[in-house]
Structure formats: C-alpha cells, structure tokens
Amino acid sequence: MKCPVILLLLLVHPLLGEPPKPAFRDAATNETLSAKFRETSKTNPMAKFTPITGEDPTVKNKVVGLMETSDLITFNGLTTLVPKNSIIQIPEKYKNRINNHKQGSKLVSWSEFFSQNRGWISTIEVNFSQAKGEEPVSEKHLETLNKSGNMIVAVLQNGPISVLPLKTDAAPVEKTKPEGTKP
C-alpha cells in the first residue's frame, strides 16, 4: 500500500512546479535606525497628553496583595489560603491554626486541605446573594454546625468565599412609578 502512494507522489511532484521563493528585504542598518530615532526624538509624544487633575489614583486605589486579603489555615504540615471573612466560626481550640504559618509547611489547595481535615472543619454552602450580605445565612443550619464544635468555613461551589455582614436598610425604599404611567 505504501509503495503506490510514494510512487504517485514522485510522479506528481515535478508537475506541481517549484515552490515560490521567499522574498528577502534589506536589513535595517545602524544609520537608518539612528536616523529614525533622531526623527522621533524631535517630537515629544507625551505632549499630546494632558496631566491628570485631582487626587492620585495610585494612592486612592492601593493594590493589595494576596496575603492581605487571605487567611492562612495551617495544620499537620499543610497550609491553605482562604479569603478573609470566609471563616464563620473559630472555636477556641483551633485559634492557633489560623494565620500561624509554620516554616516548612506545604502550601496546598483548599480541596486537598479540606479532604485531609474534615474531622475539625465543616463547611456551610452559601449562595452569591448571601455572600454579598443581601440575604441572611440560614440560622438553623448555622446553629446545627455550631453544636459540632468544628471550624466553619463558608463555601460557594466547593470553594471558600468571603461573607459580608448582612446589609440592613435603615428605611425601606419605596418603589415609585415613573411619571406618565397609569396606576
């Protein structure tokens, strides 16, 4: 089977003609690069921009690192990162395991850490509106978990998530109808 295919290719190849030759351009010389540089340096490209007025955005919007927005949970030579405010309850006996990273601990993912420490960590599934603080977390479910004595971590789709405090409206907002509509 291979022999007829190879023979066919050998017969057809001369009929196809020569492949097109690549086109070569002249390389840039030092003189042309220097002339281009002198030409562009005569005009100031920054002159087109206007200076920023108001407060400095780099000061106002300070970039924070991963460690400032995370809590570390360490136990038995393993460490994992969870977002701040994702730990709902920390019993007194487990407080020494939070933000107490030991030198030489192995940093692992949340799923790996949780699978090896299910005996003292419990999770509570929250939805996105509960995490934003728009809905309360189920008190009945929290009360049941509190009785267990475990550390409780809020999760959304099997990953830890921060839970903001519940937003309480001081005065309920009345829905008004746009002008020109009939009741």
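The structure this text deals with has already been given above.
Residues numbered from 1 in each chain as written. Predicted model: local features only at pLDDT ≥ 70, side-chain atom pairs only at ≥ 80, totals over all residues. Heavy atoms only, no water.

J.: Would you explain the packing of aromatic side chains in this entry?
T.: Each aromatic ring pair is specified by the distance between its two centres and by the angle formed by the two planes. Within this structure, the stated rule accounts for 4 aromatic pairs. When the centroid spacing of 5.1 Å and the interplanar angle of 40° are considered together, the rings of Tyr-94 and Trp-120 count as tilted. Here Tyr-94 is found in the loop between strand E3 (87–89) and strand E4 (106–107), whereas its partner Trp-120 is found in the loop between helix H4 (110–116) and strand E5 (121–125), with 26 residues between them in sequence. When the centroid spacing of 6.3 Å and the interplanar angle of 85° are considered together, the rings of Phe-113 and Trp-120 count as edge-to-face. Like Phe-113, the residue Trp-120 is buried in the burial classification. (Phe/Tyr/Trp six-rings, centres within 6.5 Å; stacked < 30°, edge-to-face > 60°. Helix = DSSP H or I, 4+ residues; strand = E, 2+ residues; numbered from the N terminus. Buried < 20%, exposed > 50% of the residue type's maximum accessible area, 1.4 Å probe, protein only.)

J.: Sorry, what's going on with the nonpolar core here?
T.: Buried together is how nonpolar side chains tend to be arranged in soluble globular proteins. Among the nonpolar cores identified, the biggest contains 15 residues, and Ile-73, Ile-87, Trp-110, Phe-113, Trp-120, Ile-121 and Met-151 are the most heavily contacted of them. Within the residue set of this core, elements represented by two or more residues are strand E2 (78–83), H4 and strand E6 (151–156). By size, the runner-up hydrophobic cluster in this structure holds 10 residues, among which are Val-126, Val-137, Leu-142 and Leu-145. (Core = buried A, V, L, I, M, F, W, Y, C linked by side-chain atoms within 4.5 Å.)

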